[in-house]
Amino acid sequence: MSEPKLKSVLCSSPAGLHRMAYKEWGDPANTRVLVCVHGVTRVSGDFDALARALSDRYRVVCPDVVGRGRSDKLRDPKLYVIPQYVADMVTLIARVTAHGDDEGVHWFGTSMGGLIGIGLASLEGSPIRRMVINDIGPVLDPAAMARIGDYIGQDIRFKTFDEGVMYVRMVSTPFGPHSDAEWDKLARDVLVQRSDGHWALHYDLNLAAPFKALTPEQVARDQAQLWAAYDAIRCPTLLVRGEQSDLLSRATAEEMTRRGPRPEIKEIAGVGHAPTFVQPAQIAIAREFLTG
């Protein structure tokens, strides 16, 4: 199947119900499922190239995490946190594996998607059997968290689509070298035209609320919980790091190889945070590890 089906699943939070949209690639009867989850302000479209390439082996499921893309917004912005995202993924996985033979799923998580994977893979009875963590770890920098909160809370509008592409290209420079067509795709996936004709980034600005509420003490507690979750992971894991990443330091990556699932590291030259896996050489890394 060369094009995905657009679907959604009904999820629950303490504030009520919400729909999470997802793309499904490949044979709908295939019980081998790969779940791909994006970064904090990105969407399911980030994985179009990877999903198309791996749909010969998997049914590839790529959600828009709640508050992004085609998914609903949460009524309570305080719930834009990893535990809620993990709960949503449990619901999604239950949906897409309902008629399978309990084979579980494979997982590819970029940045925030990697943290969600860590949370889910740490749970007893986790459905994750094999996992790629793309450029993220259990170390949280308070200054970085505050910077992310400031960035994603800005209501930035563009008069034209081309202006939006230039902005996305500028803020996404750490993604590394891409062709003009690839940059256009990376921008198109996260830009939406509003009723006034202007273009904006396609996510709920209230995503910033939990970041803005963080204190250094809370960051320290969250980091300790993330390390505890990481140490509980037992499935085979690959850790990918952008050589110039400012979110996953080499020291943290090396510590991760000594703890928890003790992953192998693949470092991608000339890239910061985070490798996009839209180019053949990067896709080959994922294919080799996931398919064994």
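Residues numbered from 1 in each chain as written. Predicted model: local features only at pLDDT ≥ 70, side-chain atom pairs only at ≥ 80, totals over all residues. Heavy atoms only, no water.

By the naming in an unreviewed UniProt entry, the chain goes by Alpha/beta hydrolase and is assigned to Massilia pinisoli.

Glancing now at the overall build of the chain. Within the chain one finds 10 helices and 11 strands. Dimensions of the chain along its principal axes, counting C-alpha atoms only, are 50 × 45 × 45 Å. Going through the 292 residues of the chain one by one, you find that 52% of them count as buried. As presented, the chain carries roughly 12,900 Å² of accessible surface, and 53% of it is formed by carbon and sulfur atoms. (Helix = DSSP H or I, 4+ residues; strand = E, 2+ residues; numbered from the N terminus. Buried < 20%, exposed > 50% of the residue type's maximum accessible area, 1.4 Å probe, protein only. Areas by Shrake-Rupley, 256 points an atom, 1.4 Å probe, with all protein chains shown as cover.)

As a further point, take the UniProt feature "domain: AB hydrolase-1" (unreviewed entry) in the chain. When the UniProt feature table is mapped onto this chain numbering, "domain: AB hydrolase-1" (unreviewed entry) sits at residues 34-284. A distance of 15 Å separates the end C-alpha atoms of residues 34-284, which is 39% helix and 16% strand. (UniProt positions renumbered as here; feature names shortened; annotations may be inferred.)

All of the buried residues in helix α6 (residues 180-188) are W183, L186 and A187. Along α6, the residues classed as buried sweep out an arc of 95° about the axis, all on the same side. Looking at the buried side of α6, the elements it contacts are α5 (161-171) and β8 (191-193). (Arc of directions from axis to C-beta. Contact = heavy atoms within 4.5 Å.)

Residues M89, W107 and I116 are the most contacted members of the largest nonpolar core, which totals 63 residues. Excluding residues that lie within four positions of it along the chain, M89 makes contacts with M20, V37, P63, V65, W107, I116 and L120. Residues F47, A51, F108 and I268 belong to the second largest nonpolar core, which totals 22 residues. (Core = buried A, V, L, I, M, F, W, Y, C linked by side-chain atoms within 4.5 Å.)

On to empty space enclosed by the protein. Enumeration according to the criterion identifies one cavity of 30 Å³ or more in this entry. Volume-wise, the largest cavity comes out at about 40 Å³. What lines the largest cavity is T31, T97, G100, D101, D102, E103 and G104. (1 Å grid on protein atoms, 1.4 Å probe; cavity = no way out; pocket = protein on both sides within 12 Å on 5 of 7 lines; lining within 4 Å. Points joined across faces, edges and corners; volume = space filled by probe spheres on them.)

It is worth spelling out the sheet that holds strand β5 (residues 105-110) at this point. Strand order in the open sheet formed by eight strands is β1-β2-β4-β3-β5-β6-β10-β11, and the pairing between neighbours is mixed. At either end of the open sheet lies a strand with only one pairing partner, and these are β1 (5-13) and β11 (264-268). Between one strand axis and the next, the sheet turns by 20° as a mean value, whatever way the strands run. In terms of strand pairing, strand β10 (residues 237-242) meets β11 through five bridges, oriented parallel. (Pairing = 2+ DSSP bridges. Axes fitted to C-alpha atoms, helices over the stretch in contact; angles between N-to-C directions.)

Glancing now at the pattern of salt bridges. Pairs may arise between side chains of opposite charge once their charged atoms sit close together. Applying the stated criterion to the full structure yields 19 salt bridges. Across the pair E24 and K7 runs a salt bridge, and its minimum N-O distance is 2.8 Å. Of the two residues, E24 sits in strand β2 (residues 16-25) while K7 sits in strand β1, which places them 17 residues apart along the sequence. Residue class for E24 comes out buried when judged on its relative accessible area of 4%. For K7, a relative accessible area of 29% translates into the label partly exposed. When the shortest N-O distance is used, the salt bridge between D155 and R157 registers 2.9 Å. Judged by relative accessible area, which is 47%, D155 ranks as partly exposed. Sharing partners across several salt bridges, the network here consists of K23, D48, K185 and D189. (Salt bridge = Lys/Arg side-chain N within 4 Å of Asp/Glu carboxyl O.)

This part takes up the packing of aromatic side chains. On inspection of all chains with the given rule, the structure shows six aromatic pairs. Centroid distance F47 to F108: 5.8 Å. Interplanar angle 75°. Geometry classified as edge-to-face. With F47 in the loop between β3 (33-37) and α1 (48-54) and F108 in strand β5, this pair connects stretches of sequence that are 61 residues apart. Given the relative accessible area of 2%, F47 is considered buried. Measuring from centroid to centroid gives 6.4 Å for F175 and W183, while their planes differ by 10°, and the two rings are stacked. By relative accessible area, which is 6% here, W183 ends up buried. Across the ring face of Y58, the terminal group of R32 is positioned such that the distance to the ring centre comes to 4.9 Å. Over the ring of W227 we find R259; its NZ or CZ atom is 4.1 Å from the centre of that ring. (Phe/Tyr/Trp six-rings, centres within 6.5 Å; stacked < 30°, edge-to-face > 60°. Lys NZ or Arg CZ within 6 Å of the ring centre and 35° of its normal.)

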